[in-house]
Amino acid sequence: MFTREELVLVAVSGGKDSLALWEVLIEEGYRTTGLYLDLGIFDYSIESKARCERFAAAHGVPLIITAVADEIGAPVPIIKNVTRRPPCSGCGLSKRYLMNRVALEHGFPVVATGHNLDDEAATLFGSVMHWQTDALPRQSPALAATHPKLVRRVKPLYRLSERETAAYAFLRRIDYIVEECPFAAGATSIAHKEILSRMEEASPGAKHNFLFGFLDRARAAFERVETVALQECARCGQVTTGTVCAFCKLADQVKRAT
Ligand code: AMP
Ligand code: FES
Ligand code: ZN
């Protein structure tokens, strides 16, 4: 995924997974900087940001903070009202875009996130439920940079279950935010996690077999021969398949409405 010489940008949400990941990488001697994206989601963002700041100060490591509202013109709750789409859609788009852009601007070759086995199995389940065959080849613990303006993305904790990262964070006394994002309630990803956890109870190892069976034996079948042509957004220069990227379009929509 990365070497000890490379600078790693660790995307931290203030939750158990990403702070546990950051701690392990620091302990193991990797050169890391944290990135916290302030989504502007009421107390949840205030509390989670404070956890990241305290963690960075306690470990003497740098933390970059970028506010979505500064970059797109409004925080996630306003984006949700403007687009009338589930909050996670504008939020997820902004997170992916800003992680890449911040990494490029600061010269980081790789971004690491705290996605665990439960996250990955639930995403795979969602993609399979809707047969999103475009999403399947991108479901991977390590995504290579397929364009000079795309930064590598890695998920070092993808083998560990949520219980395991929670146990680690607890035993290491990591001060993380326990509350979920207030918009998470009712999200389909949570329903998918619940279904998979029921499967796991009935048949231990089910989550692991589902994800690793896919990665080892099925993923390659969904790789497309013809690759999509990537170009640079006419506005911001980030990678897109169209003329203007989805983030810039969303920023326009926000500007028109506010
Ligand atoms: P989630 O999509 O909330 O399950 O988060 C998955 C991973 O994305 C986390 O483990 C973090 O690495 C990263 N992440 C989520 N939210 C943020 C945020 N506000 N700032 C930076 N990274 C984040
Ligand atoms: Fe993005 Fe909740 S964290 S909507
Ligand atoms: Zn753009």
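Before any of the text, the structure's been laid out above.
Since the structure is predicted, the reported quantities are computational estimates derived from the model, not experimental observations.

**Q** Pulling in residues and values, what's your account of the packing of aromatic side chains?
**A** In total, this model carries 6 aromatic pairs according to the counting rule given. Summarising the aromatic geometry, the rings of Phe2 and Tyr30 are spaced 5.2 Å apart at their centres and angled 85 degrees between planes, so their arrangement reads as edge-to-face. Taken together, the positions of Phe2 in the segment before strand 1 (7-11) and Tyr30 in the loop between helix 1 (16-27) and strand 2 (31-38) put the pair 28 residues apart, joining distant regions of the chain. Residue classification places Phe2 among the buried residues on the basis of a relative accessible area of 15%. Taken together, a centroid distance of 3.8 Å and an interplanar angle of 5 degrees make the contact between Tyr97 and Phe247 stacked.

**Q** Requested: an account of the site of ligand 1, with residues and values cited.
**A** By nearness alone, 13 residues border ligand 1, and Ala11, Val12, Leu35, Leu37 and Gly114 come closest of all. Take Ala11: an N or O atom from its main chain is 2.6 Å from an oxygen atom of ligand 1. Interatomic distance of 2.9 Å between a backbone N/O atom of Gly114 and an oxygen atom of ligand 1. Summarising the interface, the protein chains cover 78% of the accessible area of ligand 1, which totals 480 Å² for the free molecule. Elements supplying a minimum of two residues to the shell around ligand 1: strand 2 and helix 5 (87-106). Of the residues forming the shell around ligand 1, the biggest block, 3 residues, is contributed by strand 2. For the shell around ligand 1, the per-class residue count stands at 7 nonpolar, 5 polar and 1 charged.

**Q** Which residues make up the sheet that holds strand 5 (residues 142-143), and what values go with them?
**A** In spatial order, the strands read 3-2-1-4-6-5; together these 6 strands make up an open sheet with mixed pairing. Taken across any chain shown, the strands that pair with only one partner, and hence form the sheet edges, are strand 3 (63-67) and strand 5. When strand 5 meets strand 6 (residues 152-154), the two strands line up antiparallel, connected through 2 bridges. Across the sheet, Leu143 pairs through a bridge with Arg153, a residue of strand 6. Helix 5 rests against strand 1, strand 2, strand 3, strand 4 (110-112) and strand 6 of the sheet, and its axis sits at about 140 degrees to strand 2.

**Q** Describe in detail the coordination of the zinc ion (ligand 3), supporting the description with residues and values.
**A** Distances from the zinc ion (ligand 3) to its protein donors, Cys233 (SG), Cys236 (SG), Cys245 (SG) and Cys248 (SG), fall at 2.2 to 2.4 Å. For the zinc ion (ligand 3), the 4 donor atoms in the first shell make angles of 105 to 114 degrees at the metal, so the coordination geometry reads as tetrahedral. All donors of the zinc ion (ligand 3) belong to a single chain; written as a sequence motif, their spacing is C-x2-C-x8-C-x2-C. Here the residue Cys233 occupies a position in the loop between strand 7 (231-232) and strand 8 (239-240), and Cys248 occupies one in helix 10 (residues 246-257), the gap between them amounting to 15 residues. Cys248 matches Cys233 in its accessibility class, with the two residues each being buried.

**Q** Requested: an account of the pattern of salt bridges, with residues and values cited.
**A** Tallied over the full model, the rule gives 19 salt bridges. The residue Glu28 makes a salt bridge to Arg4 at a minimum N-O spacing of 3.6 Å. With a gap of 24 residues between them, Glu28 in the loop between helix 1 and strand 2 and Arg4 in the segment before strand 1 connect regions that are remote in the sequence. By relative accessible area, Glu28 is classed as partly exposed at 43%. Here Lys149 makes a salt bridge to Glu232, at a shortest N to O gap of 3.6 Å.

**Q** Talk me through the nonpolar core; I want residue IDs and the actual numbers.
**A** Across soluble globular proteins, nonpolar side chains show a tendency to be buried alongside one another. The biggest cluster of nonpolar side chains holds 33 residues, and the ones touching the most others in it are Leu9, Leu35, Ile41, Ile72, Ile79 and Val111. The element contributing the most residues to this core is helix 5, with 6 residues. Each residue touching Ile41, except ones within four places of it in the same chain, is listed here: Val76, Pro77, Cys181, Pro182 and Phe183. Membership of the second largest hydrophobic core comes to 21 residues, among which are Ala20, Tyr30, Val110 and Ala169.

Basis of the calculations
Residues numbered from 1 in each chain as written. Chains lettered and ligands numbered in written order. Predicted model: local features only at pLDDT ≥ 70, side-chain atom pairs only at ≥ 80, totals over all residues. Heavy atoms only, no water. Phe/Tyr/Trp six-rings, centres within 6.5 Å; stacked < 30°, edge-to-face > 60°. Helix = DSSP H or I, 4+ residues; strand = E, 2+ residues; numbered from the N terminus. Buried < 20%, exposed > 50% of the residue type's maximum accessible area, 1.4 Å probe, protein only. Near = heavy atom within 4 Å. Polar contact = N/O pair within 3.5 Å; in protein donor to acceptor, adjacent residues only side chain to side chain. Areas by Shrake-Rupley, 256 points an atom, 1.4 Å probe, with all protein chains shown as cover. Nonpolar A, V, L, I, M, F, W, Y, C, P; charged D, E, K, R; others polar. Pairing = 2+ DSSP bridges. Contact = heavy atoms within 4.5 Å. Axes fitted to C-alpha atoms, helices over the stretch in contact; angles between N-to-C directions. Donors = N, O, S within 2.8 Å, 3.2 Å for Na, K, Ca; no water. Tetrahedral: all angles 85-135°; square planar, octahedral: opposite > 155°, others 65-115°. Salt bridge = Lys/Arg side-chain N within 4 Å of Asp/Glu carboxyl O. Core = buried A, V, L, I, M, F, W, Y, C linked by side-chain atoms within 4.5 Å.

Geometry only, nothing functional implied.
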